[in-house]
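Structural characterization, general
Listed here are the chains, written in short residue letters.
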Amino acid sequence: LQSIKPFKTCWRVQVKIVHSWKQFTLYAGETLEMVLADVSGTLIHATIKKQQLGKFQRLIVTGEWRIFENFVLTKAMGRFRVTKHVYRMSVMNITSIVPCASLSSDIYLDLIDFGKIHNDESLNENIFIDNSKQFILNLFNIFQVDVLGQVVNVGEMKIHIEKKKLEFELRDTNDIRLACTLWGTFAEKLLAAIEQDRERSISNGFDASLLEIDPYLPAVHDFKENLPKDGLALTINLQVPKVRKSKEKGDEYKGNPTITIAELLQSYEEGKFRVLATICAIDIEFAWYYFVC
């Protein structure tokens, strides 16, 4: 994969399907996305468009090896890149995908120290960081690098623009901490595991991520053996809003009726109302916006 270039389409590569997921964008519509790896560990992002799904989808099985022949290469661009590879592969109607013998059982992790994430300015923030965490749970996104850590603090489940969000903290074997976030079904899956086992895990990159529970991997075993023997217990941080009595300022609002937030949401009446509320949190995550003025 390191040798392929976009000046022709008649390439032939033997690759392992490390990960696959369906994706929808306004520009491309529905697509099947993949991360492919060769025996040397080089990864590349590949795409199958909706028109070719019927022909190729059954051949895309995560963990199996395939021979891809005749495909298009384009420059890997955009705000987020799935792999370090400078090119991105696209399947054509004339592309051939056939099964082949397994060349390796490796899952191609590229573990990185937390300290490097905090201190290395050379890390490209537009490339997803593959986050792996083990201790009853393991989440790994097949991206640029992988992170292995122990969950030590977990916040409460929040709703961000109708999508669930769970924030937590990892530590590595040097007790360096890393803040992490899970979104949507990844947050739900992690919270369910927390409630069952009282242990937790890290951050997904949209639907491109893969969450695994309790994987049997040598790297995970070594990580657990090297953790500090300090008996650190996992804590759950729940924020309880504090209700304070406030003095109402200004006489100009006293003529308006006071209603609750629940009543406001159910009301279709136009008019001026007063709502006395506590600001529990201010969300400053990316993609924050409001629907109407």
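These numbers come from a predicted model, not from an experiment.

**Quick look at the overall build of the protein**
Along the backbone of the protein there are five helices and 14 strands. Buried positions account for 38% of the 293 residues belonging to the protein. Sequence separation of 24 or more characterises 60% of the internal contacts of the protein that already satisfy a separation of 6 or more.

**Observations regarding the pairing of strand β5 (residues 87-99)**
Bridge count for strand β3 (residues 43-49) against β5 is three bridges, and the pairing is parallel. Following the sheet pairing, His45 is matched in β5 by Arg88. Across nine bridges, strand β4 (residues 65-75) lies against β5 in antiparallel orientation. Paired with Glu69 across the two strands is Ser96, which belongs to β5.

**Looking at the pattern of salt bridges**
Using the criterion set out here, one finds nine salt bridges in the structure. In this structure, Arg171 and Asp175 form a salt bridge, with 3.3 Å as the shortest nitrogen-oxygen distance. Here Asp175 falls in the partly exposed class, since its relative accessible area comes to 36%.

**Topic: the nonpolar core**
The biggest cluster of nonpolar side chains holds 23 residues, and the ones touching the most others in it are Leu36, Phe68 and Met89. At the level of secondary structure, the elements contributing two or more residues to this core comprise β1 (12-25), β2 (29-37), β3, α1 (50-56), β4 and β5. No other element matches β5, which puts four residues into this core. Once you skip the residues sitting within four places of it in the chain, Phe68 turns out to touch Trp11, Arg12, Val13, Val15, Met34, Leu36, Ile60, Met89, Val91, Ser96 and Ile97. Judged by nonpolar contacts, the second largest core, of 14 residues, contains Leu170, Leu178, Cys180 and Leu190.

**So, the side chain of His45**
Following the sequence through the fold, His45 ends up in strand β3. A distance of 2.6 Å separates polar atoms of two side chains, one belonging to His45 and the other to Glu33. When residues no more than four places from it in sequence are discounted, the contact partners of His45 are Trp21, Glu33, Met34, Val82, Thr83, Arg88 and Met89.

**What about a nonpolar patch on the surface?**
There is a patch of nonpolar side chains on the surface, built from Ile261, Leu264, Leu265 and Val275 and spanning about 380 Å² of accessible area. Along the chain, Leu265 falls in helix α5 (residues 261-266).

**Remarks on the sheet that holds β1**
Overall, mixed pairing links the five strands, which are arranged β1-β2-β3-β5-β4 in a closed barrel. Neighbouring strand axes in the sheet, compared pairwise and without regard to direction, differ in orientation by 45 degrees on average. Bridge count between β2 and β3: seven bridges; the pairing is antiparallel. Bridge pairing in β3 places Leu36 opposite Ile44.

**Focus on the confidence of the model for the protein**
Chain-level statistics for the protein give a pLDDT mean of 77 and a share of 73% at 70 or above. Strand β7 (residues 138-140) is the least confidently modelled element of the protein, averaging 35 in pLDDT, while β4 averages 95, the highest of any element. Throughout residues 129-143 the model reports pLDDT below 50, and contacts reaching past four residues in sequence, or to other chains, amount to 101 contacts.

**Looking at the packing of aromatic side chains**
In this structure the tally under the stated criterion is one aromatic pair. Both rings, one in Phe7 and one in Trp11, keep their centres 5.7 Å apart while their planes meet at 75 degrees; by these two values the pair is edge-to-face. On the basis of relative accessible area, Phe7 is assigned to the exposed category, the value being 63%. Classification of Trp11 as buried rests on a relative accessible area of 14%. The ring of Trp11 is capped by Lys8, whose NZ or CZ atom sits 4.2 Å from the centre of that ring.

How each quantity is defined
- Residues numbered from 1 in each chain as written.
- Predicted model: local features only at pLDDT ≥ 70, side-chain atom pairs only at ≥ 80, totals over all residues.
- Heavy atoms only, no water.
- Helix = DSSP H or I, 4+ residues; strand = E, 2+ residues; numbered from the N terminus.
- Buried < 20%, exposed > 50% of the residue type's maximum accessible area, 1.4 Å probe, protein only.
- Contact = heavy atoms within 4.5 Å.
- Pairing = 2+ DSSP bridges.
- Salt bridge = Lys/Arg side-chain N within 4 Å of Asp/Glu carboxyl O.
- Core = buried A, V, L, I, M, F, W, Y, C linked by side-chain atoms within 4.5 Å.
- Polar contact = N/O pair within 3.5 Å; in protein donor to acceptor, adjacent residues only side chain to side chain.
- Patch = residues over 30% accessible without salt bridge, like charges linked within 9 Å, V, L, I, M, F, W, Y side chains within 5 Å.
- Areas by Shrake-Rupley, 256 points an atom, 1.4 Å probe, with all protein chains shown as cover.
- Axes fitted to C-alpha atoms, helices over the stretch in contact; angles between N-to-C directions.
- pLDDT = per-residue confidence, 0-100.
- Phe/Tyr/Trp six-rings, centres within 6.5 Å; stacked < 30°, edge-to-face > 60°.
- Lys NZ or Arg CZ within 6 Å of the ring centre and 35° of its normal.

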